Amino acid sequence: MAGLPWEDRRAFEDVRRGRIASIEPSVIRDSTGRVVFDLTTYDFVDGQAPATVHPSLWRIAQLHRNHGLFEVTEGVYQVRGYDAANMTVVAGERGYVVIDPLTCVESSAAALDLVRRHLGNRPVTAVVHTHCHIDHFGGVKGVVDEADVRAGRVPVVAPVGFYEHAVSENVSAGVAMGRRSGFMFGGALPKGARGHVMNGSCAAVATGRKSLIRPTHEVTRTGEELVLDGVRFVFQYVPDTEAPAEMNFHLPERRALCMAELISHHMHNLYTLRGAPVRNAVAWSDAIDEALRLYGDASDVMFIGHGWPVWGQQQIAELLGMHRDLYRYLHDETLRLANHGYTPNEIAELIELPETLDAYWANRGTYGATSHDVKAVYQHYLGWFDGNPANLDPLPPAQAGRRYVELMGGIDTVVDHARTAHDAGEDRWAAELLGHALAADPDHRPARLLQADVFEQLGYQAEAAPWRNF
C-alpha cells in the first residue's frame, strides 16, 4: 500500500462539490415506519483505517459516506448516498427527466422529494434507465405513476433488451442470485470495523419495495437522439459490457456525459460474485474508447451511476483512458497466459497490473478484483474446464472430503494442521483444509469455529468489499 498516492485528495474534493442539501438524519423509512436505508450506521467510518479493514477499502468507504442533493452542472443534479446507485435529475422545460431511479420505491420517492423541496415542485416528464440492473430501475414507481406511462404522458427510455434482461436476471436465477447477493453485499453482517464496511460500489442497498415498468422507447444504436422535455439526449448503445443491455448518453447543450456504469471509481466486476453472465472485457474497453472519441472533447463534466462526477476534459480523459486500459489489460494478459497453457487459478496468481494502472485510485479492486476478473475472461473464452482431465469429472465435495480426511488421518488431524496454518498466517491453505473437513462432517464444531476465524482474517485482509463480505 506504500506505493499508492495517498496524498492525492482530488476525490475528497470532488465528492463534496456542488452539494445543495441532504436528508437529515440520513434515514429512509417505508409507509409502515420500517427503515429501508440508514446511512448513520456507517458513522464509524472515520479517521485512519483500523487493522481489521484494508486501507484502500476504508478510503472509498469514507468517500461513499457523502450524501445529499448535488449540482453536477447547470440543469443537471444527482441524489447520492441513499441507495446503491445515484439518481440523476435533468431539469427540462416543464419538469424533471429522471435517470436511474434507484433500487426501491421508497428511496427513489425520498430522493425525488429532496429534489422538489430544493429545486421546485415540478412533475417528472420522462424516465431514462441506463441499464438492466435493479439498483438502476427498481424504484421507478416511486417517481412516476405507471398509468401516466401507459397513457403516453411520461416516456420511459431504455436500451433494447432492457426489459427482457431485467426480468430474466431477477426471476430465472433470482433465488440463487438473491442468496448469493446476501453474502456479497453483507446485509446481515453487523456494521462496524469488524463487520460490514461497505458494498464496494456504495455504502449499502436500500431494502424497500421493487418495481418495474416496461419501457415505451428502446434505444437501438449509437448516435440515436431524443428530445425529452426540451433537452437533447444523444445515446451511445453499449450492449454486453457492464450489463447485457446498457447505454450511455451525452447532453450536448450542457456539455455533460453520462457513462452509466461503464465507469466507476473502482475496478468493476467482469464476473460478479452474486452470479450473472460473465462480462465481455474487450467490448467494455472498446465502448469506453468510443465514448472518449465521440464525446471527450465535447464534455466538461462526466457523471456516473455510482459515486461522484469528474470535471474538466483532462480528468475525464484520464479516467476514461485508465478504465479502458484496465479492462483491456486484464483481457489481453489473461488470453496471453491461457495460450501459454496456464489455468485460471494460475493466471490469477501470475497477473499483476502495471504500476500506472495499479496506482490509479479508480482502478483499485475495492469492488471487482484482479483475481476473479481474470478468471472471468478465461471463462468467457474457454469455460469452466481448465484443460486438466483430472478436473473433468471430479468427485463432489462430500465424497472427496471424506477421502481426504481419511487419507490425512482423521478430521481432528486435519483441523490441527489447519490451526497450525492459521497460526502461521497461511489462511488460504487453512481454508482449503477446512473445506475438506467440513465437506466430510459439516457439523464438526471445532472445524466450524476455526473456519470462522480463518474467514474472518481473510475478510480483514480483503481489499474488495464483496470478498470481505463473503
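This text goes with the structure placed above it.
In this report, the structure presented in the accompanying data block is examined. None of these values were measured; they are calculated from a predicted model.

## A word on the overall build of the protein
Of the regular secondary structure elements, the protein holds 16 helices and 16 strands. Relative to its length of 470 residues, the protein is compact, with a C-alpha radius of gyration of 23 Å against a globular reference of 23 Å. Overall, the protein is about 75 × 50 × 45 Å in size when its C-alpha atoms are taken along their principal axes. Residues counted as buried form 55% of the 470 residues belonging to the protein. Considering only intrachain contacts with a sequence separation of at least 6, the fraction spanning at least 24 residues in the protein is 72%. If you sum the accessible surface of the protein, you get close to 20,100 Å²; carbon and sulfur atoms cover 50% of it.

## Brief notes about the pattern of salt bridges
Under the criterion given, the structure shown has 23 salt bridges. A salt bridge links Arg324 to Asp289; the nearest nitrogen and oxygen atoms lie 3.0 Å apart. Of this pair, Arg324 sits in helix H8 (residues 313-339) while Asp289 is found in helix H7 (residues 281-295), placing the two residues 35 residues apart along the sequence. By relative accessible area, Arg324 is classed as partly exposed at 22%. Judged by relative accessible area, Asp289 falls into the partly exposed class, the value being 23%. For Arg336, the salt bridge identified is with Glu333, shortest N-O distance 3.0 Å. Pair noted here: Arg336 and Glu333 are both in helix H8, with a separation of three residues, about one helical turn. A single salt-bridge network, built from bridges that share partners, covers Asp289, Arg293, Arg324 and Asp325.

## As for the nonpolar core
Membership of the largest hydrophobic core comes to 43 residues, with the highest contact counts inside it found for Met87, Val143 and Val144. Here this core takes five residues from helix H3 (residues 105-119), the largest share from any one element. Non-local contacts of Met87, meaning those with residues more than four positions away in its chain, are made with Tyr77, Gln78, Val79, Val98, Ile99, Asp100, Pro101, Leu102, Ser108, Ala111, Leu112 and Val143. In this structure, Val238, Met259, Leu337 and Leu353 belong to the second largest nonpolar core, which totals 39 residues.

Thresholds applied
- Residues numbered from 1 in each chain as written.
- Predicted model: local features only at pLDDT ≥ 70, side-chain atom pairs only at ≥ 80, totals over all residues.
- Heavy atoms only, no water.
- Helix = DSSP H or I, 4+ residues; strand = E, 2+ residues; numbered from the N terminus.
- Rg over C-alpha atoms; globule rule 2.2 N^0.38 Å.
- Buried < 20%, exposed > 50% of the residue type's maximum accessible area, 1.4 Å probe, protein only.
- Contact = heavy atoms within 4.5 Å.
- Areas by Shrake-Rupley, 256 points an atom, 1.4 Å probe, with all protein chains shown as cover.
- Salt bridge = Lys/Arg side-chain N within 4 Å of Asp/Glu carboxyl O.
- Core = buried A, V, L, I, M, F, W, Y, C linked by side-chain atoms within 4.5 Å.

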